[in-house]
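# Inside the fold
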Amino acid sequence: MSQDAQARPGRRVLIVEDSAAMRQLLAFAVKRVPSVIIDEAPDGVAALKALKAAQNTPYDLVLLDLNMPIMDGLKLLGRMREDPTYAHTTVCVVTTEESFETEKQALLLGAKYFIRKPVNRRTVEKILAEVFGQDP
Ligand SMILES: [Mg+2]
């Protein structure tokens, strides 16, 4: 068994976002979570690869943009819902999409949170605290 496979589960975050600047901004907030491991993906296909690579220690949280090239966020959410491996992975959509219909669709597809850009740092921190607890 590799060391990776023995690593304790928990505090793993995947940031799925095509904008490098936005990924950096989100990673900055997530890095405040103690002993967190952060991976990043620029589109849905890269995210699926990351999810599969981490299936022995699934991500606790996926921060998910919707508008991305190659595979968009809603399509990725649909793929995740088809696979029980990701049943305990919390999904937080982070998007410029204003439409309530899109929000409803994302929530139906299993997203727990839906936040709109520009991202409010306190909102992200509140969600991180809910997912990971307040304790270091
Ligand atoms: Mg985008």
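The following paragraphs examine the structure supplied in this document. (Residues numbered from 1 in each chain as written. Predicted model: local features only at pLDDT ≥ 70, side-chain atom pairs only at ≥ 80, totals over all residues. Heavy atoms only, no water.)

## Topic: the pairing of strand 1 (residues 12-16)
The buried count for strand 1 comes to five of five residues, which makes it a mostly enclosed element. Burial along strand 1 is two-sided: Arg12, Leu14 and Val16 facing one way and Val13 and Ile15 facing the other are all buried. As a crossover connection, the stretch from strand 1 through helix 2 (residues 20-30) into strand 2 (residues 37-41) is right-handed. Of the pairings in the sheet, the one linking strand 1 to strand 3 (residues 61-64) comprises four bridges and is parallel in character. Across the sheet, the residue bridging to valine 16 is leucine 64, located in strand 3. (Buried < 20%, exposed > 50% of the residue type's maximum accessible area, 1.4 Å probe, protein only. Helix = DSSP H or I, 4+ residues; strand = E, 2+ residues; numbered from the N terminus. Right-handed = clockwise from strand over helix to strand, strands pointing away. Pairing = 2+ DSSP bridges.)

## Focus on the packing of aromatic side chains
Evaluated as defined, the whole model comprises zero aromatic pairs. Geometry around tyrosine 59 places arginine 12 over its ring, the cationic atom sitting 5.0 Å from the centre. (Phe/Tyr/Trp six-rings, centres within 6.5 Å; stacked < 30°, edge-to-face > 60°. Lys NZ or Arg CZ within 6 Å of the ring centre and 35° of its normal.)

## Points about the coordination of the magnesium ion
Summarising the metal site, the magnesium ion is bound by the protein donors Asp18 (OD), Asp65 (OD) and Asn67 (O), whose distances to it range over 2.0 to 2.2 Å. Mapping the donors of the magnesium ion onto the primary sequence gives the spacing D-x46-D-x1-N. Placement of the pair is aspartate 18 in the loop between strand 1 and helix 2 and asparagine 67 in the loop between strand 3 and helix 4 (73-82), with a sequence separation of 49 residues. Look at aspartate 18 and you get partly exposed, because its relative accessible area is 37%. (Donors = N, O, S within 2.8 Å, 3.2 Å for Na, K, Ca; no water.)

## Some thoughts on the sheet that holds strand 3
Read from one edge to the other, the open sheet built from five strands follows the order 2-1-3-4-5, with strand pairing classed as parallel. Since the sheet does not close on itself, it has two edges, and those belong to strand 2 and strand 5 (113-116), each with one partner. The average angle at which neighbouring strand axes cross in this sheet is 15°, direction not considered. Its contacts with the sheet put helix 3 (residues 44-53) on strand 1, strand 2 and strand 3, and the angle it makes with strand 1 is roughly 165°. Sitting on the sheet, helix 6 (residues 121-132) is in contact with strand 1, strand 3, strand 4 (90-95) and strand 5, with an inclination near 165° to strand 5. (Axes fitted to C-alpha atoms, helices over the stretch in contact; angles between N-to-C directions. Contact = heavy atoms within 4.5 Å.)

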